[in-house]
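As a plain string of letters, each chain reads:
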Amino acid sequence: MDQKRQQQLREVGSRLENPPVAKDALVRLLKQAATCLTELDQSPSASILDALQPSLNAIVQPELLKHQDRDVKLLVATCICEITRITAPEAPYSDDVLKDIFRLIVGTFSGLSDTNGPAFGRRVVILEILARYRSCVVMLDLECDDLVNEMFSTFFSVARDDHPESVLTSMQTIMVVLLEESEDVREDLLLSILSILGRNKIDVTAAARKLAMNVIEHCAAKLEPGIKQFLVSSISGDNRLMNSEIDYHEVIYDIYRCAPQILSGVIPYLTGELLTDKLDTRLKAVKLVGDMFALPVSAISEAFQPIFSEFLKRLADRVVEVRMLVLEHVKSCLLSNPSRAEAPQIISSLCDRLLDYDENVRKQVVTVICDVACHSLSSIPVETAKLVAERIRDKSVLVKKYTLERLAEIYNLYCLRCGDGSLNPSEFDWIPGKILRCFYDKDFRSDVIELVLCETLFPTEFSIKDKVKHWVRVFSGFDKVEVKALEKILEQKQRGDTLLDCRLQQEMQRYLSLKQTHQDGEGPEIQKKVTYCLRIMSRLFSDHAKAEENFQILDQLKDANIWKILSSLIDPKTSFHQACSSRDDLLRILGEKHRLYDFLGTLSLKCSYLLFNKEHVKEFLLEASIQKSAGNTQYIQSCMNILVVKDAFPGPSPDVETIPSWPFLILSQIGATSNFLLMRPFPIMSLVLELSHLNIFNWAELILWTCLFLNCPAFCTVKACLDFRH
């Protein structure tokens, strides 16, 4: 076998001594030579080395080594690399020839960007041989500094995100070997590496940036003096090392990611930028430091604690723009890792700014804390959330209304999380009470509070049963002020079973009836009544003029679906979920950009049965039954108290004002009342008939539920009355 291989090597070497002029023939010969060389192991026998000698000498002839054709140059470089592999660690050529060889090899690397080209595989082989056998070190011995710089630049320019990992690893190995074996890192070589760093480089691929960072990480000790000198000079404004292509802040950011220890000597200078009087420089420093500390690391090292503390102090900067920028970045810090070691320090600093003199800063602090809470509810202490809740009483209407919205959002998330057992089921039950207290604030209209209670306080996927369970729990903790607030809100939503006892709902019914009559062809008298009706409804809004303008626009809408939905919303027979669905459909038809979107959102809420209705009352009674079985007297009392506060369905007739106390008395006196019902079924039946006669059928139904709750024998009699009423 060796004899045959020796013969092949001699034949190829002999033919290479007088290479053919035609390109095709030359390419075939070089491919044959490359194949023979690839089959040889490193450090072969003396006879193989002797047979290799003709090829070894012929391949570096000027007519081959300096050939101008791209394909020929690549094949020559391939053969030479195989020869250097075979003869390693000995260099088979003179220094002058080696310089030409490395120049040829470096030139082939420019084609590595073409990953789909037919020659890509050969270029990768050359790259891997150079990395594996460290033959690139010879370039340092030959003082090929410019060629080394060129190779680094070539690697950065050709590195692609879709390159095989082996390609990027080989590039990294070559660069690390050259840097580590260098006595000193030349300034121009260092700048070629630093010029690749930065997040906003349009002409630099992510692979190239990662390659540069990996090289810095592996050569941190070697590069540290030069990098420190460059950064200190840049911060100090020394133009000697300034490079317009290099943003030293971006360099610091990337080095912090890959080799933060390099920056230990730069921290005092960067801290100085945080304290400078130059606003532009201070803003840039805040952005840089904020970006650095927003990286998802477990903890900030001791070396960076001083600059971190100074960064947090910028929350009290005299310039609002700086404070707002710090807030933006501390939010990123907490969102990237809510459980980081510095979280308590950050949250404490945020709480201090809840009393900032600028309303936009206070609002942004609320934003940061609430965003973090919504991202990871357990990461924000309850006491911190309560401090945020105090901004409901802020002197700024902007801040207090925004705080109200965000508290409801937190409670909404809390309701979802309670179900999975990851939170204490009472940690945030104080929030609904805080929201109800806003009823007494002149800056909040009751409809705003109602909107929050109906729309945002509970998850949209919650059933009435889910909501009732939460209401029972939170109501048990309400104080007198909060109970009174809920009572006042409900007073404005009182209704009978067939109509809503509020002026807006009545006028809306009248308006829809008039509009239908007007569409049927009636004259101008009807239009006058419509106009008057719109004016009356407008007066029930805080901004009368704006409301009237919106009503006039509404009156011109032609979409029949809108009028159908509005009619459905004021129909007392519409169930809770039907009302929610209809309201969503209405707003979806309009779209968020429609000028009536917000107005109809409020109007549909005012005219619907979304806060508490008959279905809620039934669930409260069922919940009371469940709590009775569990023996939880606190929650039983809460159920009863809510129903009493609700006083949900008072009759329109002044003669029956005392009727609401009957069912609640029955429910609140569970043990004694059972005997009472057993002894006196007829008064209950009479009460049912009387209530039915007065069109307050819901009370009759409520008593039926009471009987069910008490397992009362009078149930059959009561049910018969109700069936008759139906």
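Residues numbered from 1 in each chain as written. Predicted model: local features only at pLDDT ≥ 70, side-chain atom pairs only at ≥ 80, totals over all residues. Heavy atoms only, no water.

Peer 1: I tried to follow the overall build of the chain on my own but got confused; where do I start?
Peer 2: Helix and strand content of the chain: 39 helices and 0 strands. Taken over 726 residues, the chain has a buried fraction of 52%. For the chain, restricting intrachain contacts to residue pairs at least 6 apart in sequence, the fraction spanning at least 24 positions comes to 70%. Approximately 33600 Å² of the chain is accessible, and the part contributed by carbon and sulfur atoms is 50%. (Helix = DSSP H or I, 4+ residues; strand = E, 2+ residues; numbered from the N terminus. Buried < 20%, exposed > 50% of the residue type's maximum accessible area, 1.4 Å probe, protein only. Contact = heavy atoms within 4.5 Å. Areas by Shrake-Rupley, 256 points an atom, 1.4 Å probe, with all protein chains shown as cover.)

Peer 1: Could you clarify how one ought to interpret the pattern of salt bridges in this entry?
Peer 2: As a working rule, side chains carrying opposite charge can pair if their charged atoms are close by. Taken as a whole and judged by the stated rule, the model has 41 salt bridges. Ionic pairing is found between arginine 595 and glutamate 549, a salt bridge with its closest N-O pair at 3.1 Å. Taken together, the residues span a long stretch of sequence, with arginine 595 in the loop between helix H31 (576-590) and helix H32 (597-606) and glutamate 549 in helix H29 (residues 544-555) at a distance of 46 residues. Given the relative accessible area of 57%, arginine 595 is considered exposed. Its relative accessible area of 35% is what places glutamate 549 among the partly exposed residues. Residues joined in a network through salt bridges with shared partners are Asp145, Asp146, Arg186 and Asp188. (Salt bridge = Lys/Arg side-chain N within 4 Å of Asp/Glu carboxyl O.)

Peer 1: When you look at the environment of threonine 84 in this model, what are you seeing that I'm missing?
Peer 2: Positionally, threonine 84 belongs in helix H5 (residues 70-87). Judged by its relative accessible area of 18%, threonine 84 is buried. In sequence terms threonine 84 and leucine 130 are 46 residues apart; their C-alpha atoms lie 9.2 Å from each other.

Peer 1: Would you take a moment to explain the side chain of aspartate 358 for this structure?
Peer 2: Considering the arrangement of structural elements, one finds aspartate 358 in the loop between helix H19 (343-352) and helix H20 (359-375). A polar contact is formed between the side chain of aspartate 358 and the backbone nitrogen of asparagine 360, at a distance of 2.9 Å. Not counting the four nearest positions on each side in its chain, aspartate 358 is found in contact with Val320 and Arg323. (Polar contact = N/O pair within 3.5 Å; in protein donor to acceptor, adjacent residues only side chain to side chain.)

Peer 1: Looking at this structure, how should I read H31?
Peer 2: Side chains three or four residues apart in an α-helix point the same way, a direct result of the helix having 3.6 residues per turn. Under the 1.5 Å per step criterion, the end-to-end length of H31 is 22 Å for 15 residues, consistent within 8% with the ideal 21 Å. For H31, every residue scored as buried is listed here: Phe576, Ala579, Ser582, Arg583, Leu586, Leu587 and Leu590. An end-on view of H31 places all buried positions within 130° of arc, on one side of the element. One or two positions beyond H31, positive phi appears at glycine 591, with a value near 85°. (Expected span 1.5 Å × (residues − 1). Arc of directions from axis to C-beta.)

Peer 1: Looking at this model, I keep getting lost on H5. Mind explaining?
Peer 2: Taking 1.5 Å per residue, 18 residues should reach 26 Å; H5 reaches 26 Å between its end C-alpha atoms and fits that length. Among the 18 residues that make up H5, 15 are buried, leaving the element largely enclosed by the rest of the structure. Its side-chain oxygen at 3.0 Å from the backbone nitrogen of aspartate 71, aspartate 69 defines the N-terminal cap of H5.

Peer 1: Where do I start with the packing of aromatic side chains in this structure?
Peer 2: Centre distance and the angle of the planes are the two values used to describe a pair of aromatic rings. Across all of its chains, the model carries 15 aromatic pairs by this definition. For the ring pair tyrosine 256 and phenylalanine 293, a centre distance of 6.1 Å and an interplane angle of 80° mean the geometry is edge-to-face. Highlighted residues: tyrosine 256 in helix H14 (residues 248-258) and phenylalanine 293 in helix H16 (residues 279-293), separated in sequence by 37 residues. Per residue, the accessibility class of tyrosine 256 equals that of phenylalanine 293, and both read buried. Centroid distance phenylalanine 293 to phenylalanine 308: 5.2 Å. Interplanar angle 85°. Geometry classified as edge-to-face. One end of the pair, phenylalanine 293, is in helix H16; the other, phenylalanine 308, is in helix H17 (residues 305-313), and 15 residues separate them in sequence. Residue class for phenylalanine 308 comes out buried when judged on its relative accessible area of 1%. Here the basic side chain of arginine 199 rests over the ring of tyrosine 253, its NZ or CZ set 3.8 Å away from the ring centre. Just above the ring of tyrosine 402 sits the side chain of lysine 363; from NZ or CZ to the centre is 4.1 Å. (Phe/Tyr/Trp six-rings, centres within 6.5 Å; stacked < 30°, edge-to-face > 60°. Lys NZ or Arg CZ within 6 Å of the ring centre and 35° of its normal.)

Peer 1: Is there a simple way to think about the packing of H14 against H16 in this case?
Peer 2: Relative orientation and spacing of two packed helices are given, respectively, by the angle between their axes and the distance between those axes. Running from N to C, H14 and H16 point in directions that differ by 15°, and their axes come no closer than 10 Å. Between H14 and H16, the interaxial angle falls into the category roughly parallel. Every pair of crossing elements has a handedness; the one defined by H14 and H16 is right-handed. Facing H14, whose interface residues are His249, Ile252, Tyr253 and Tyr256, H16 presents Lys284, Ala285, Leu288, Asp291, Met292 and Phe293. Tallied by class, the residues present in the contact of H14 with H16 amount to 7 nonpolar, 1 polar and 2 charged. (Axes fitted to C-alpha atoms, helices over the stretch in contact; angles between N-to-C directions. Parallel < 35°, antiparallel > 145°, perpendicular 65-115°, else oblique. Left-handed = near helix turned anticlockwise from the far one by under 90°. Nonpolar A, V, L, I, M, F, W, Y, C, P; charged D, E, K, R; others polar.)

Peer 1: Sorry if this is basic, but what is going on with the nonpolar core here?
Peer 2: One recurring pattern in soluble globular proteins is that nonpolar side chains are buried together. Of all hydrophobic cores here, the largest spans 196 residues; its most connected members are Ile59, Ile216, Ile252, Phe293, Phe311 and Trp471. Those residues in contact with isoleucine 252 that lie beyond four places of it in its chain are Leu231, Ile235, Leu263, Val266, Leu270, Leu288 and Met292. Ranked by size, the runner-up nonpolar core spans 29 residues in total, among them Leu504, Val530, Leu534 and Leu586. (Core = buried A, V, L, I, M, F, W, Y, C linked by side-chain atoms within 4.5 Å.)

Peer 1: I keep staring at the environment of tyrosine 511 and nothing clicks. Help me out?
Peer 2: Within the secondary structure, tyrosine 511 is located in helix H27 (residues 503-519). On the basis of relative accessibility, which here comes to 0%, the residue tyrosine 511 falls in the buried class. For tyrosine 511 and cysteine 533, which are 22 residues apart along the polypeptide, the C-alpha to C-alpha distance reads 6.1 Å.

Peer 1: How should the confidence of the model for the chain be read in this particular structure?
Peer 2: In regions of low pLDDT, the predicted coordinates are not meant to be interpreted in detail. Averaged over all residues, the pLDDT of the chain is 82; the fraction at 70 or higher stands at 84%. Taken together, the stretch residues 495-501 has pLDDT below 50 and engages in 28 contacts with residues farther than four places along the chain or on a different chain. Contacts of residues 647-701 to residues separated by more than four positions or lying in other chains number 85 contacts, the stretch itself having pLDDT below 50. (pLDDT = per-residue confidence, 0-100.)

Peer 1: Could you clarify how one ought to interpret the environment of aspartate 447 in this entry?
Peer 2: With respect to the helices and strands, aspartate 447 occurs in helix H24 (residues 446-456). Judged by relative accessible area, which is 12%, aspartate 447 ranks as buried. With 156 residues separating them in the primary sequence, aspartate 447 and leucine 603 have C-alpha atoms 9.5 Å apart. Other than its neighbours up to four places away in sequence, aspartate 447 contacts Thr602, Leu605 and Lys606.

Peer 1: Is there a simple way to explain the packing of helix H12 (residues 206-218) against H14 in this structure?
Peer 2: In the contact formed by H12 and H14, the axes pass within 9 Å of each other and the chain directions differ by 60°. With respect to their mutual orientation, H12 and H14 come out oblique. As H12 runs across H14, the sense of the crossing is right-handed. Between H12 and H14, the contacting residues are Arg209, Met213, Ile216 and Glu217 on the first element and Tyr253, Asp254, Arg257 and Cys258 on the second.

Peer 1: Would you take a moment to explain the side chain of glutamine 61 for this structure?
Peer 2: As for its position among the elements, glutamine 61 is in the loop between helix H3 (46-58) and helix H4 (62-65). Judged by relative accessible area, glutamine 61 falls into the buried class, the value being 18%. With residues up to four places along the chain from it excluded, the contact list for glutamine 61 reads Leu16, Glu17, Pro19 and Lys66.

Peer 1: Before we go on, may I ask you to explain unusual backbone geometry in this structure?
Peer 2: Most peptide bonds take the trans configuration, and most residues that are not glycine carry a negative phi. Even without being glycine, serine 43 reaches a positive phi, approximately 50°. Here serine 43 is to be found in the loop between helix H2 (23-38) and H3. The phi torsion at glutamate 143 lies on the positive side, around 60°, for a residue other than glycine. Mapping glutamate 143 onto the fold places it in the loop between helix H8 (138-141) and helix H9 (145-158).

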